Amino acid sequence: MSHIFFESQKESWPGLSLACRDLACVQTRELVCGNDAITLQYNPARQISSGAALDKESIRKRPCFLCVENQPPEQQGILYRDTYLILCNPAPIFDHHFTVGSLTHEPQDIMSSFDMLVQMAMDASPDYTVFYNGPACGASAPDHLHFQMIPYEALPFLKELTQPPMIKIDPSVRMAAGKSCDRSVVVMESKNAAALKKHFLRFLKIIQTILSSDDEPLINVFCSYEKDRWQVISFLRRKHRPAAYFAEGDQRIFVSPGAIDMAGVVITPRLADFENLDGDTLQSIYREVSLDKKTFKKIIRSLTPCPQKKSLSTAP
Ligand SMILES: [Zn+2]
């Protein structure tokens, strides 16, 4: 249904139609980053989103683009489970890229919305994966609860992540954790939504305890559903934007990593960055914005049952 909806919005909404035409001729480039292949996407239309001011004052002052009353007149939505609206993303990164926003203006919060993420992933399967950007690490509307939905095949890296050896942390929940190109990644999978939620929330609590903070940990979360099983992939972050984002002149690198960038498709709205970025620089950006190795190890040690610690995949 979403597919038909996206196509019909392209017909009735010239802005979206134009954005999709631009997307069709967008340039991409492959980079090797550590052991991983990363795709750069030169997408000038993402300049607004990547360059958005996200401080509290700027957010408070701007009209919220996810509130229905501020949406463009051409934008239509599909009501989802009476509480969310499925919308076509007006600056898509992939063909058929949706934003799923709460009907009410309430802040991004993964703990209270995890049930919905899991439900949405099941409803969106097998064609789509659903993801969440934390309010301080990628969400362009941190004040309005929302998820995004993209084609499942769009991010090959996510599939690779489900290959490493998994360990059982519960009779029905398996997990793997490790560094991949200096990103801090945790994968959990289960056929049991309640058990998955229990361990995901415990995971967040452990991070809060170790970081001595009550705030939501900086996290980008993907959730997919395949063969009766959910997969939740989390990227743990230290900060949103790298220092080079704020640099002047030639030193500036205009990348603003959210979930999609962390999962291996890095958006570069400026041609210079698209042409100049190399694997080493990208890896150093991943290192800078990801939770550091020492803290990450501490979290994983607390999360996993002691006797099986050694079987964790913790690539250097
Ligand atoms: Zn809003």
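Every value quoted in this text rests on a predicted model; they were computed, and no experiment measured them.

1. A word on the overall build of the protein chain
Item 1. Of the regular secondary structure elements, the protein chain holds 11 helices and 13 strands.
Item 2. In terms of overall size, the protein chain behaves like a compact globule, its C-alpha atoms giving a radius of gyration of 19 Å where 316 residues would be expected to give roughly 20 Å.
Item 3. Here the C-alpha coordinates of the protein chain stretch approximately 60 × 50 × 35 Å along the principal axes.
Item 4. In the protein chain, which comprises 316 residues, the share counted as buried stands at 39%.
Item 5. When contacts within the protein chain are restricted to residue pairs at least 6 apart in sequence, those whose partners lie at least 24 apart make up 67%.

2. Some details on helix α11 (residues 293–303)
Item 1. Restricting attention to buried positions, one finds in α11 the residues F296, I299 and I300. Viewed along the axis of α11, the buried residues span an arc of 95 degrees, placing them on a single side of the element.
Item 2. Packed against the buried residues of α11 are β9 (173–180), β10 (183–190), α7 (193–211) and β12 (229–236).

3. Observations concerning the pairing of strand β13 (residues 265–268)
Item 1. Judged by which residues are buried, β13 turns out to be covered on both faces: V265 and I267 on one side and V266 and T268 on the other are all buried.
Item 2. As defined by bridge partners, strand β2 (residues 36–42) adjoins β13 across 4 bridges and the pair is classed as parallel. Across the sheet, residue Q41 finds its bridge partner in β13, namely I267.

4. With respect to the sheet that holds β13
Item 1. Strand order in the open sheet made by the 3 strands is β1-β2-β13, with mixed pairing throughout. Edge positions in the sheet fall to β1 (27–33) and β13, since each has one partner strand and no second. Along the sheet, successive strands turn relative to each other by an average axial angle of 30 degrees, direction set aside.
Item 2. The pairing of β1 with β2 spans 7 bridges and is antiparallel. If you follow Q27 over to β2, its bridge partner there is Y42.
Item 3. Sheet strands in contact with helix α10 (residues 279–289) are β1, β2 and β13, and its direction is about 75 degrees off that of β1.

5. Quick word on the sheet that holds strand β4 (residues 84–88)
The pairing of strands in a sheet comes from backbone hydrogen bonds and takes either a parallel or an antiparallel form.
Item 1. On the basis of which strands lie adjacent, the open sheet formed by 10 strands has the order β3-β4-β5-β7-β6-β11-β12-β10-β9-β8 and antiparallel pairing. The open sheet has two free edges, formed respectively by β3 (77–80) and β8 (167–170), since each of these has just one partner strand. Adjacent strand axes in the sheet meet at a mean angle of 25 degrees when their direction is disregarded.
Item 2. Inspection of the sheet shows β8 paired to β9 by 3 bridges, in the antiparallel sense. Considered in β9, the bridge of K168 is made with R174.
Item 3. Running over the sheet, helix α1 (residues 2–12) touches β3, β4, β5 (98–102) and β6 (128–133) and is turned about 55 degrees from β4.

Rules behind the numbers
Chains are numbered independently. Their residues run from 1 in the order of the written sequence. Selection of residues for local features in this predicted model requires a pLDDT of at least 70, selection of side-chain atom pairs for listing and counting requires 80 or more, and totals for whole chains, interfaces and linings are taken over all residues. Each helix is a run of DSSP H or I of at least 4 residues and each strand a run of E of at least 2, with the numbering of both proceeding from the N terminus. Our radius of gyration looks at C-alpha atoms and nothing else; its globule reference is 2.2 Å times the residue count to the power 0.38. Three classes are used. A residue is buried when 20 or more other C-beta atoms lie within 10 Å of its own, exposed when 12 or fewer do, and partly exposed in between, with C-beta atoms placed from the backbone. By the convention adopted here, residues make contact when the C-beta atoms placed from their backbones lie within 7 Å. When we speak of the arc, we mean the arc of directions from the helix axis to the C-beta atoms. Two strands qualify as a pair provided that DSSP identifies no fewer than 2 bridges between them. Only the stretch in contact is used when a helix axis is fitted, and all axes are lines through C-alpha atoms; the angle between N-to-C directions ranges over 0 to 180 degrees.

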